[in-house]
Amino acid sequence: MTGKERASLKSITQLLHFGYHQAMSCIFPIAIFGTLALSNVIDLPYIYRYDAILIILLTVQYLMYRTGLETLDEIKVICVFHIIGLLLEIYKIRMGSWSYPEPGLTKVFGVPLYSGFMYASVASYMCQIWRRLKMDMTGWPGLAAAGSLGAAIYLNFFTHHFIPDFRWWLKGLVLIVFWKTWIIYRVRNTTYRMPLTLAFFLVGFFIWLAENIATFFNAWKYPDQNQVWHVVSVSKISSWFLLVIISVIIVAQLKHVKANRKVKE
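Rules behind the numbers
- Residues numbered from 1 in each chain as written.
- Predicted model: local features only at pLDDT ≥ 70, side-chain atom pairs only at ≥ 80, totals over all residues.
- Heavy atoms only, no water.
- Pairing = 2+ DSSP bridges.
- Helix = DSSP H or I, 4+ residues; strand = E, 2+ residues; numbered from the N terminus.
- Axes fitted to C-alpha atoms, helices over the stretch in contact; angles between N-to-C directions.
- Contact = heavy atoms within 4.5 Å.
- Phe/Tyr/Trp six-rings, centres within 6.5 Å; stacked < 30°, edge-to-face > 60°.
- Buried < 20%, exposed > 50% of the residue type's maximum accessible area, 1.4 Å probe, protein only.

## Let's talk about the sheet that holds strand S4 (residues 182–187)
At step 1: What the three strands build is an open sheet, ordered S3-S4-S5; its pairing is antiparallel. Here the strands that pair on one side only, and so sit at the sheet edges, are strand S3 (136–138) and strand S5 (190–195). Averaged over all pairs of adjacent strands, the angle between their axes in this sheet comes to 30°, without regard to strand direction.
At step 2: The strands that helix H8 (residues 196–216) touches are S3, S4 and S5; relative to S5, the one it contacts most, it runs at about 80°.

## A few points about the packing of aromatic side chains
At step 1: In this structure the tally under the stated criterion is nine aromatic pairs.
At step 2: For the ring pair Phe 28 and Phe 117, a centre distance of 5.5 Å and an interplane angle of 85° mean the geometry is edge-to-face. Residue Phe 28 is found in helix H2 (residues 27–41), and its partner Phe 117 is found in helix H5 (residues 115–132); the two are separated by 89 residues along the sequence.
At step 3: Classification of Phe 28 as buried rests on a relative accessible area of 0%.
At step 4: By relative accessible area, which is 6% here, Phe 117 ends up buried.
At step 5: Considering the side-chain rings of Tyr 100 and Tyr 114, the 6.3 Å spacing of their centres and the 85° angle between planes classify their relative orientation as edge-to-face. On the criterion of sequence distance, the pair formed by Tyr 100 in the loop between helix H4 (72–94) and strand S1 (107–108) and Tyr 114 in the loop between strand S2 (111–112) and H5 is long-range, its members being 14 residues apart.

Written out as structure tokens, the structure is:
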């Protein structure tokens, strides 16, 4: 085998290992979309669809914890994101941004409780891929800068209905605050790195793809999808880009806090 062939084989092996860890980190998101798809074509007797989805997703989370696919700390992070997402959903429904038209016993202010899991699935992915690829960051701006930016981004999701939308200004701040921050990740014995802002965009793009799948299977509907489904506007990628930043800030900060505790112990 020539040197070029060995290099090609190593690249393929690295890609397969990387793909495997990505797939394993997506178990919960896949469970969500699989449940949405099946429940959309199968009529469940004696139970509303939204209620069935919630029960199934709670069961999946329990099984992931019992089998060791998720740790207790990761479950706690997922719960935090579930609450953050649910509060945002309740507000957006009241503002008419989208709707959940089907009936359900587990709806709060018009929002089914399972909806928070769609935000929590991002946290599940973040936590698992961080652990599986032994991720770390260089140039982390710290809690004050990152936390303030994350809070401003989250607040803008609420306030842009009443005052000007500052998302483009916030994106500029993201580039300034995180321009020195790189993600370090490891595949087998090889270490790789990429700018954190690029990771924000890539994850936001794939969430946008997932959003198209979700709306196709009637997880929720935007006002312009009530009659006929069509592709979600690409402008939504910017919203997911910002939401991913909130997710990464929380997960990364928790990982840093935990790492510092271990060092002190």
